[in-house]
Every structure is written in C-alpha cells, then in structure tokens.
Amino acid sequence: MEIEIDGKIAQVPDGSTIMDAAQQLGAYIPHFCYHKKLSIAANCRMCLVQVEKAPKPLPACATPVTNGMKVFTHSELAIKAQKGVMEFLLINHPLDCPICDQGGECQLQDLAVGYGGSSSRFQEGKRVVFHKDVGPLISMQEMARCIHCTRCVRFGQEIAGVMELGMANRTMHAEIMTFVGRSIDSELSGNMIDLCPVGALTSKPFRYSARSWELSRRKSVSPHDSVGANLTVQIKNNVVMRVLPRENEDVNECWISDKDRFSYEALNSPARLTRPMIRVDGALREVAWNVALDYVTHALKDITGGKGGESLAALASPHATLEELHLLQKLTRGLGSGSVDFRLRRRDFSTDGKRVGTPWLGRRFSEIKDLDAALVIGSFLRKDHPLFAQRLRQLGKQWGKVSLLSLGGDDPLINLHAQVAVSPAELPLALAAVVKAAAQLKNEPPPAGFEAVEPCASSQAIARSLLDGEQSAIFLGNAAEQHPQAGQLHALAAELAKLTGATCGFIGEAANSVGGYVAKALPGALNAYEMFAQPRQAYVLLGVEPELDCHNPQQALAALKAAALVVMLTPFSDGGAVDYADVLLPITPFTETSGTLVNAEGRVQSFNGVVRPLGDARPGWKVLRVLGNLLALPGFEQDSSEQVRDEVIAAGEGFVSGLDNGVSAGPWSPSAAPAGLQRVADVPIYAADLLVRRAAALQKTHDAAAPSARMSAATMAKLAVSDGAPVRVRQGEGEALLPARADETVPPGCVRVAAAHLSTAALGDMFGAINVERA
Amino acid sequence: MAILGAINPMLSLGLDGDKAWRLADYVKRGGYSALRRILEEKQPQGSVINEVKKSVLRGRGGAGFPTGLKWSFMPRSFPGDKYVVCNSDEGEPGTFKDRDILRYNPHSVIEGMAIAAYAMGAACGYNYIHGEVWEIYERFEEALDEARAAGFLGSDLLGSGFNFELFAHHGYGAYICGEETALLESIEGKKGQPRFKPPFPASFGLYGKPTTINNTETFASIPYIINLGGETYLEAGKANNGGTKLFSISGHVERPGNYEIPLGTPFATLLEMAGGMRGGRQLKACIPGGSSAPVVPAEAMMACTMDYDSISKAGSMLGSGAVIVMDETTCMVRALERLSFFYYEESCGQCTPCREGTGWLYQVVHRIENGQGRADDLELLACVTTNIMGRTICALGDAASMPVQSFIKHFHDEFAYHIEHKKCLVPVDVQRAGSGFFTARV
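To start, this report covers the structure provided alongside it. (Residues numbered from 1 in each chain as written. Chains lettered and ligands numbered in written order. Predicted model: local features only at pLDDT ≥ 70, side-chain atom pairs only at ≥ 80, totals over all residues. Heavy atoms only, no water.)

**Here's the deal with the overall build of chain B**
- Assigned secondary structure in chain B consists of 19 helices and 12 strands.
- Its C-alpha radius of gyration of 22 Å places chain B within 12% of the 22 Å reference for a compact globule of 442 residues.
- When the 442 residues of chain B are sorted by exposure, 62% land in the buried category.
- Nonlocal contacts in chain B, meaning residues at least 24 apart in sequence, comprise 72% of its contacts between residues at least 6 apart.
- Averaging the locations of the 42 positively and 50 negatively charged side chains of chain B gives two centres separated by 1 Å. (Helix = DSSP H or I, 4+ residues; strand = E, 2+ residues; numbered from the N terminus. Rg over C-alpha atoms; globule rule 2.2 N^0.38 Å. Buried < 20%, exposed > 50% of the residue type's maximum accessible area, 1.4 Å probe, protein only. Contact = heavy atoms within 4.5 Å. Lys, Arg positive; Asp, Glu negative; His and termini not counted. Charge placed at Lys NZ, Arg CZ, Asp CG, Glu CD.)

**Here we look at the sheet that holds strand E7 (residues 138-140) of chain A**
Residues and elements named next belong to chain A.
- One open sheet accounts for three strands, arranged E6-E7-E10; its pairing is antiparallel. Two strands lie at the open edges of the sheet, namely strand E6 (132-133) and strand E10 (202-203), each paired on one side alone.
- With two bridges connecting them, E7 and E10 associate as antiparallel partners. Bridge pairing links Ile138 to Ser203 in E10. (Pairing = 2+ DSSP bridges.)

**A look at a nonpolar patch on the surface**
Residues and elements named next belong to chain B.
- Together, Phe65, Leu69 and Phe73 make up a nonpolar patch on the protein surface, roughly 270 Å² of accessible area in all.
- With respect to the helices, strands and loops of the structure, Leu69 is situated in helix H4 (residues 67-72).
- The exposure class of Leu69 is partly exposed, given its relative accessible area of 35%. (Patch = residues over 30% accessible without salt bridge, like charges linked within 9 Å, V, L, I, M, F, W, Y side chains within 5 Å. Areas by Shrake-Rupley, 256 points an atom, 1.4 Å probe, with all protein chains shown as cover. Salt bridge = Lys/Arg side-chain N within 4 Å of Asp/Glu carboxyl O.)

**Points about the side chain of B:Arg355**
- Inspection of the secondary structure assignment puts B:Arg355 in helix H15 (residues 352-369).
- Judged by its relative accessible area of 0%, B:Arg355 falls in the buried class.
- Among the polar contacts listed, one links the side chain of B:Arg355 to the backbone oxygen of A:Ile147, at a separation of 3.2 Å.
- In this structure B:Arg355 touches A:Leu89, A:Ile147, A:His148, A:Thr171, A:Met172, B:Ser347, B:Gly349 and B:Gln350, once residues within four positions along its chain are discounted. (Polar contact = N/O pair within 3.5 Å; in protein donor to acceptor, adjacent residues only side chain to side chain.)

**Observations concerning the pairing of strand E7 (residues 257-262) of chain B**
Residue and element names in this part refer to chain B.
- Across the six residues that make up E7, a large majority, six, are buried.
- Across three bridges, the pairing between strand E1 (residues 3-6) and E7 is parallel. For Ile3, the partnering residue across the bridge sits in E7 and is Asn258.
- Strand direction decides the pairing type here: strand E6 (residues 244-251) and E7, joined by six bridges, are antiparallel. Of the residues in E7, the one forming a bridge with Thr244 is Pro262.
- The turn linking E6 back onto E7 is made up of five residues.

**Topic: the pairing of strand E13 (residues 239-245) of chain A**
Residue and element names in this part refer to chain A.
- With six of its seven residues buried, E13 lies for the most part within the structure.
- Summarising the sheet, strand E12 (residues 230-236) and E13 pair through six bridges and their orientation is antiparallel. Residue Lys236 lies in a different strand from E13, and its bridge partner there is Val239.
- Hairpin connection, E12 to E13: the antiparallel pair is bridged by two residues, and Asn237 has positive phi, about 50°.

**A few points about H15(B)**
Residues and elements named next belong to chain B.
- Here H15 is 18 residues long and its end C-alpha atoms lie 26 Å apart, about the 26 Å a rise of 1.5 Å per residue gives.
- Along H15, 17 of the 18 residues are buried, which leaves the element largely enclosed by surrounding structure.
- A positive phi of about 75° marks Gly371, the residue just after H15. (Expected span 1.5 Å × (residues − 1).)

**Remarks on the sheet that holds strand E25 (residues 583-586) of chain A**
Residues and elements named next belong to chain A.
- Spatial strand order, E15-E14-E25-E24-E23-E16-E17: seven strands in an open sheet with mixed pairing. Only two strands of the sheet have a single neighbouring strand rather than two, namely strand E15 (283-286) and strand E17 (340-341).
- Relative to E25, strand E24 (residues 565-570) is paired through four bridges, and the arrangement is parallel. Pairing of Met568 across the sheet is with Leu584, part of E25.
- Of the strands in this sheet, strand E14 (277-280), strand E16 (312-316), strand E23 (538-542), E24 and E25 are in contact with helix H7 (residues 289-307), which crosses E25 at around 130°. (Axes fitted to C-alpha atoms, helices over the stretch in contact; angles between N-to-C directions.)

**Focus on the environment of B:Arg334**
All names here are of chain B.
- Relative to the elements of secondary structure, Arg334 occurs in helix H14 (residues 332-346).
- Taking the relative accessible area as the measure of exposure, Arg334 reaches 46% and is therefore partly exposed.
- For the pair Arg334 and Glu146, spaced 188 residues apart in sequence, the C-alpha to C-alpha distance is 47 Å.
- When neighbours within four sequence positions are excluded, Arg334 is seen to be in contact with Glu369 and Gln431.

**Description of empty space enclosed by the protein**
Residues and elements named next belong to chain A.
- Enumeration over the complete set of coordinates arrives at 13 cavities of 30 Å³ or more.
- Of the voids in this model, the largest cavity is the one considered here, and its volume is about 480 Å³.
- Residue lining of the largest cavity: 36 residues in total, with Pro223, Ser317, His319, Ala320 and Asp689 positioned closest to the centre.
- For the lining of the largest cavity, the secondary structure elements donating two or more residues are helix H9 (381-384) and helix H13 (478-482).
- In terms of residue class, the lining of the largest cavity is made up of 18 nonpolar, nine polar and nine charged.
- Quantified by volume, the second largest cavity comes out at close to 170 Å³.
- Surrounding the second largest cavity, 16 residues form its lining, Glu481, Gly508, Glu509, Ser513 and Tyr517 being those nearest its centre.
- It is helix H15 (residues 513-518) that contributes the most residues to the lining of the second largest cavity, three residues altogether.
- Class assignment for the residues of the lining of the second largest cavity results in seven nonpolar, four polar and five charged. (1 Å grid on protein atoms, 1.4 Å probe; cavity = no way out; pocket = protein on both sides within 12 Å on 5 of 7 lines; lining within 4 Å. Points joined across faces, edges and corners; volume = space filled by probe spheres on them. Nonpolar A, V, L, I, M, F, W, Y, C, P; charged D, E, K, R; others polar.)

**Focus on the interface of chain A and chain B**
- In this complex, chain A contributes 37 residues to the contact, which on the side of chain B involves 34 residues.
- Taking both sides of the interface into account, the surface hidden between chain A and chain B amounts to around 2900 Å²; carbon and sulfur atoms contribute 55%.
- Summed over the shared surface of chain A and chain B, the number is three salt bridges.
- When the shortest N-O distance is used, the salt bridge between A:Arg127 and B:Glu356 registers 3.3 Å.
- Scanning the region where chain A abuts chain B turns up 15 residue pairs in polar contact (both at pLDDT 80 or more). (Buried area = accessible area lost by both parts, 1.4 Å probe.)

**Thoughts on unusual backbone geometry**
- Residues B:Lys197 and B:Pro198 are joined by a peptide bond in cis, for which omega reads 0°.
- Tracing the sequence through the fold places B:Pro198 in the loop between helix H8 (180-187) and strand E5 (211-215).
- Positive phi, close to 55°, is recorded for A:Asn443, a residue that is not glycine.
- Within the secondary structure, A:Asn443 sits in the loop between helix H11 (427-441) and helix H12 (457-468).

**Comments concerning helix H3 (residues 45-55) of chain B**
- Listing the buried residues of H3(B) in full gives B:Val48, B:Ile49, B:Val52 and B:Ser55. All buried residues of H3(B) lie within an arc of 115° about the axis, which places them on one face of the element. (Arc of directions from axis to C-beta.)

Nothing here speaks to function; it is geometry throughout.
Okay, here's the thing in structure tokens:
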C-alpha cells in the first residue's frame, strides 16, 4: 500500500498504521501513549494528524493506512489539534519540572517546548492526586504528573503478564493505582519507569540522586541471567547512578528485568572489598597487593608442591567473565590440578565426557516467536528467567503452545497449553511419559526401558503439540540442570527432540553458563560437587559464595573450614568469607572491568568497564594474570582482556562455535522414588548472585522475603503443622528453623525450601530427602 | 414517568399501565406474530433486512443511523459467534423512554431482538440495562423467563431450528456505558471505556465477534415494521423519517412524560399534548434531543416538526427524543452549568481532550455562574470546545461541547451580562418561581 506523508511516499504492508508508515519514513509524529511493543490505546490524542478527505484529525497510531492516503503531520489543522491536546495535557500537570526526576528526559517536557504555550489559560485549581506506596522499586510519589497514557497498565497486562496497575475512577479524577494497598511485585516492573513518559513513575533507588543531563552513558551487558540483557549504565563522578535497558531486539528487546536494573546498588555497597586482606592471628587484616599476592603465590606453591596438584580445587561463579574463567582454569591446570568447575549448583555430572559440544539454548532468542510449540522442563520460569519467560508469554498469546513440566512453583503468567507438576524424583518419569507419548503418536516402538511408563492426558497433549508444530523447542531449566538425575533429563529431552523434530536446549543458569564451557572451566579431575565431598587442602574461589552458591552448602562449608588455604577473589568483604577465607583479593564487578559474557544462545557480548575500579580492587582477569606470572606459569602474557578473549574465541566472532546439545547416554530405566519427603529448592530471584544479594532495594521486595517451608495443605495435615507455624527442617547434620507456609503449587510429598539464603545454608542437597517436624 | 399520550400509536397501543406487560397481554395485542411468521415462512434473512430498510427506521438511541443499513453491515456468512446487543443504558439527561418500553412492553423488545438475531444469524443477545433502574431489570428478567417458557427464546425457536438465547445484563449507572463500545467492554466485565473505531462492532464487537447494537426503542419497533410492512411503517411518519417515536418531555410543561407521536408532528402539537407551558409562561428555549443536543431558541423550535431532518435544519439533533423545555424563568448560565457538570462527572477519563476539557468547561461555566467570570471566558470556552470536538475517541467530548457552544451562541447576552454584572439576567426570585419548588409568584 502506498501512503504519502508530508509529500514523501512510503510503501507499507497491509494493516500498517499511519504511525508505522511515518516511522518508516523517519517522520516524527508526537505521541505519548503509543509504544511499539504495546497495544494501541489511542488515548493521549497527541498524534492527531490531518488525513486528506477526513473531516476530523485522526490519531496516527490507530488509523490504518489505506491505499493512496495523504497525510499531513504539520498542516495547520494537525498542528492546531496537537497544540490543543498539549494544552489539555498541561492544564493539570504540575509545574514542578525543576525538581522532577524526569526533567531533561521527559517526553512531555520535550514536546511542550514544541507544542505548548508559554503561559497557561487554565486559571483554576489543579488536580491533586494522592501518592501511593507500591513497594521499594517504583516511586508513585507525584501522581499528579500522570497524563493517563496507560502505558504502565498495558505493560502489566501485555508484557509482564499481570495487571498490577490499573486506571481507577473516571473523569479528571482518573488515577493510576494498584489494587487497594497492593505493591508492584512483577520481576519486570522497572520497565514501567522507562515507559512512563512523565515523572509519575520514577525509580525509588535513583530518585533525587542526579539529573539526567549530569549522567554519562556507557554500554554494558547484564551479568545476571542467561539472556545477557544489553544495558546502558549511567554514571556520575565515577559512580554508577542507574542502569537502563539498551535496545537490542535480538536479545532483550527494549526491556530488562528488575535485577538487571536495580542490582547496581550493590556496586556502591559499603560491603565492597577495596583492599586485599589476609588472615593474621585469626582475623582478616588489610594488606598491600604485593603482600597478598606474595602470600598467595607461596601458599599455593607450598601446598601443590608438598601435597600434589590435586590438593587444589578452583571454583568460579557462572556470572564471571569469559576471561576470568579462562585464566582461572589455566592457572589451576598450571598448578597441576584438574579440579576446576563453574557449575556450582549442579549435582549430576554424568554427561561430562559424553557431550557432543557446548550445551546451549538450542536456538536463538529471536527465533522463539516463530515457534509453534515449546516445552519447558524443570524451571521456576518467571523468577529464573524473567525476559525469556516474557518471550514465551508473547508466544503463548499468539499461536504458540507453551507447556511446562515443572516442580510446581509460581504461576508463570503464560497462557499454557499443558502443565504437569511433579516431585523432583518423578521428573525423569514425567519426561519419559512425554517421550513415550510422542513415540506412540508416531507409531514407533518406545525406547527400551519405557515399558512401565504410562503417558497421562497432559503428556499426550504436550507430545502432540511438539509433533504438530512445524517449529518446536524443548528447554531445560535451572532445576533440570541442578537435578540429581540431570544427565537422564538431558538424554530424555534429547530423545524427545529427536522423536518430535524439536530443538533441545538449556536456558542456562547464569550470564556466562555457556561461556564457562567455552572457556573450558571444566574439571579434568574433581567436579564442583566432588571438590567439597572430598575435601581439598586449598581452594581458589572466584566470585563464589559457597554457602549460597553451591548445591550442598553444608558440605561446602565443612570443607572450606577444614582447608589449609582458601583464596577468595571477590568484590565483597562480607558474608561467609569472614569465617573461612584466608586471603581476600578484591576483584571488580562487571562495571569496573572489561570482559565477555556468552549468553544462552551463544552470543558473544564483550563490554568495557564503565567506571574506574573502586579503591584497590582490580579486574579479575588482571589478578589471575599476575598470579600466573608470579607462579611462573606459561601463557600469562596477555596485556588486555581482548587478548585473553581471543585465546578462547576467534576475534570478531558474533557467536561461539561448537554449540551442540547432543549427548550419548545409555538406556534409561525408571528409578524408585525415595520414601519420605523430598526437598524442592528454588533459587529466589534476588538471591541468585552476589550482586543482587547486596542490592538494597531488591532486598526489600516480596521476592526477597526469607525462605519458608512451603508445602501443600495435605502435607501440612500429615505433619500436623499449621500455616505460619515454625518447623524444624533437617537434612543430614544440618537443620533450619523456618515458618511453614501453605502452598498448593508444591507437588505432593514435597517441601519447597529455597536455596541461596543464609537461613537455609546449613541444609544439604537441593533435591534430596528432607525431614520436617514441628518445632 | 409514564406514557401519557399518543397520536396513532404503535408501541404504546393497547398498553394499560402496569397491567398489560405480560406475555399473554402482548400476544393478545398481536405480539410474537411477526417472529412466528418469519420463522414459519422461513423468510430469507435478506428480505427481513430489506423490510427494515424500507421502513427507514432510524436508530432511536440518538445518532439516527438507518437501522436496516446497520444490519446489512453484519457479515452474515461469518461462521463463528455473532451477537445482537440491546442498548437500554438510557443515561442521557432528559431521556426516560426506554425504561417505559421495558416496563410496559418488554416483549416487544424481546421479539424485536429475536427477529434481528434471525436476520443477522446471531444466536446470542444481551440487553444491557441501566443500573439505576433496578426494578426494570427485574421485570425484564421476568419477561425473559416468560418468553423462554413459551418457546420464543432458547434453542429451536417454535420448531424452526433457529436458536436464540437472550440475557439481561445490568450496568451500574455510568453514562459512558451507553456508548456502544463502552457498553461492550462493560458486558465483557471490563471498565466501561469506549474503544477506538475502526474496527466497528459489526466486524469486531462483543468478545471480538461481529455485533450489532441497537437502542431499545429500535428493537421494540421491529415487530410493528414486520407486521405492518416497511412501507406502511414509513408512511406513519414522514419521508426519510419512518414511523412513530416516543418523546420524553421534561422541564417547564404541565404534564411531563412520554408521548408517542408520528415523526413529523409539529413541536407545537407535542407541547400541547404535554399540557402546554407550566403556569402559562413563555417558552424560552428547548433542547430537542437530550442534553447533548444543541439548544434551540423558542422561535426556531416552534417552527420545527419533530423529526430528524427538521430538527437538524434548526441546528440541533433529534437525538433520543428527550425534549427539555425551558421557560422564561430559566437562567441559561445556570442551566449550562448543570449540563457541563454532568459531562464533567461522566467523562470516562480515557482520552485527553475529554478528560481534561470537560472539567475545564465546567469550572469556567461554574465560575461565570458564581460571579467570577472574566472578560475572555466566552472566547476561552469557544476555544476549549473546538479543541475537544472531533478529537476524542467517542462522542462524549462532542456531547459536552455542543451544549456549551449552542448556549453561548443563542444566549450570548445572558452570559456576557453574567460576566459583566456578576449576577443573572433573570432575577433570582423569578428563577425560583419557575423552579416550582418555591411558592413565590412572578
């Protein structure tokens, strides 16, 4: 279809609006309520334009293009309409731009310069709108500024999947609010702040701390979840003041999750480690870098020299950069130890040595929208992967059939095709049921060992959706990777993928879960679980808090307390380190170092530091390089992080090579479920890594609440405990005192006790047997 | 209110107040014969619509859109669900006819909707009834039960194989829910806010399905059109303005109430039926079509006949047929203040010009009425109304602006006097006398 806008001609597809055509032509039409990712509301009326033969000005955002349409965006009629609307928008808008946080980046302010009058004809009293407290992240303190564009409302309904904000009341008394007294708890809520075209919704942590024009913008990449959201980090006086999304349609679109956005508070936390520390006479003392490095060098040499290389174990966080991971494994191997790993929360390593390539998502993020069917296995989807879940949510709203094979948990807020929630022990069996259903549907004999499996109606529905879809995908979530039979789950998912023609992949636990494989931070000897199960003499920990990050914190703590040497490279001085670390080397978080993260789809995303390191902290890769030099190991001559990266990934590669989820596994046979209660452990969203744990505002959210023992009412009745009553939870030697909570989403026979929290750090395996009794 | 008088009535023929609304009475009056005949003869859908087209029945809700044409917009071959919806959300100040139709002749609406559903291939209908007339909602539910029991609703109507189920749905009294798309939102359980059009309800209506929405009186007229034939119905009125219509007369007349008269009847006749001006006073102005219609001064009004075209020529709208009569004791500023307050209160708050503009209009008119007017206020009001009109999602913005524009246009002197002298041109005691609540005499 052809359309002429201000004399310029554009060809647009059927169904386009005037706004689409104008954007294609680069013609700007002023607007507030219109947003390319949200539904059309046409309520601000700012985009009124003149259309030939139309008696009235029409909203460009909502008017479909007809062939031969002639549009005038700057004609007298259009300008008069736009100015008229601007006058209405301004009559009740407070004149508080000088103290408004949005000042300088306010769409209303910008457009008022072009379309507003220099004085107001409105002489009456302005509307007063009462402020609302909606939680620690979003400030709704000055709601009189609201222009009722309902972008925030539509964001909730359409993107976050939950309508937490709505417009109550009518007339000029209409106001945006939550349901009486509720807070905004969505894990994507911060995007509403970006969407708000005025200063009505502002960032609570950032409020009144800087003006937008004082801030410098730097590109960065989120070090949290496996999406690797692109960020714009804004700094002032060498301090990170706030974090905003940087649009990348293929990765994070224009959104970021709240942990991407608000975790920056940890960067400026008082718990930051700014100088090296060594344990002297039982207490950690600050020392100079040369002293600390000298100490570490000698201690490592002594231990590996005296007790053999295998007495050393090294663990890295999957949030660490590719460069750090690469140098750590090189250092460890140089010292004669094969015990290096980054898969801290993994329990089952049976696929090590049997994988064909680097495990990854199985397809690109941008291809999710083309799927006909998707199955997610073992994931607390929304909290583990907010942005990935958002993509599936959009898919579910269209034609895609999204199914879950879960361990229960929060409502994913996705229009689901089918859901099966089972206990951890039954998860392989439930997946096997889908495999068998798929085989039956294809009239193929089921694989050996599947004789006793009986597919239920939901398994059949899932299998059918995967088979029927031209493009289907199977995603293994975090719980499936942490599961005690992770290898079986992987093999079964691969089998299902083969049967149905779907892709199979891992959503990935952390920002560099793929990068860890690429950097070969993988064990030749002991793996992450064995390192603590078979205690070592010396440990090098890179960005790891073992009591929170490991599959079995009980074991980890015991091993660390008994070790002769614990060297921690960490940005923070608090936490368990105080108890067991012998040396603390201050390394910088992602904003103070250059580095590379490889996201779940294998995308290589390098970034630069955005501020200078705090105090004496140094980038992890530099510290490891110098340690390599001091230990006289070969291969530590790099001058820049780029050189380190180029050792791992060929320069200029956009995606890593060797991505393949294939696995060679033996035949599967069902294993008996253990007697008694099983633990289901989730990693709460704001406990997942060391940055979010120290982000003050995030820690005040409901999602950061202290763990409880969640179980169904039936389980509660069996244990004779009531909702809210304290229970003693025991695994092995360790125990925790938690309140019991009724939660019908927890599968029968299970108790959900979150990991990654100090109150549960005394417990053992994430998915083992657990004993619960009345306290 | 009640139906107090009629000339050549159809809708109100044979009604006996509260005594003759039941199914048996309706059937006695010839009710359900039209539906029965259509179903028994298996009349083609097109011919039913044609009959309605021939009658030139124009929508009785206010816009006056030809009903037959509206019905023909429905995609009859559309395979999925389709809906017919009756708009009984009578909220326009001055209008009180639909409640009387539902109270005294509910089965005519049910029959009309069933015929409409047949003609458009819909199997489901809703009657959205204003939330502030609860007893009428209850009565309509009772009438529905009667119709269901008699086989005029439900599956396989009168053995014809045609299914039609009709439900009553009551609102909560918001004026905006009388706007057809806001009404649909409200039925869907959402906040009553108009949708942007296009798409129109005929392609994307209730639950996203093709939907036709008509006024109560429109549906109630359908059985009479089918029985009489479209042409006879048209002749009952005047060219391009078919049939009879109920007029709700309120204001300064002796006998306010509903009157059914053929379209084209002179205003003077209608005024006479209503007992003439109260206390024999002079007519000052009249709002001929509900509060959103522009006001017409006495002289022009007396020259009008009551039909869509004549009123339109006089610069106003027949609207819903709500005739608000004002005599010489009326202060036009005060009258406008009350009207503007209504629109300010009822704006849904969705789109900017109406949300902000209606409040602004009211505040300025309120100020003028209360002796705080400023010299440039009339110009400001003119400017604000033009900025609202035609810029909003629905017609409420226009409805709020038209009274302001017309009041100032026709009674500019009164407004100017108010602003200049900080008081009414019509003395307060005269106003009080006219109100009827005070004993003072002029």
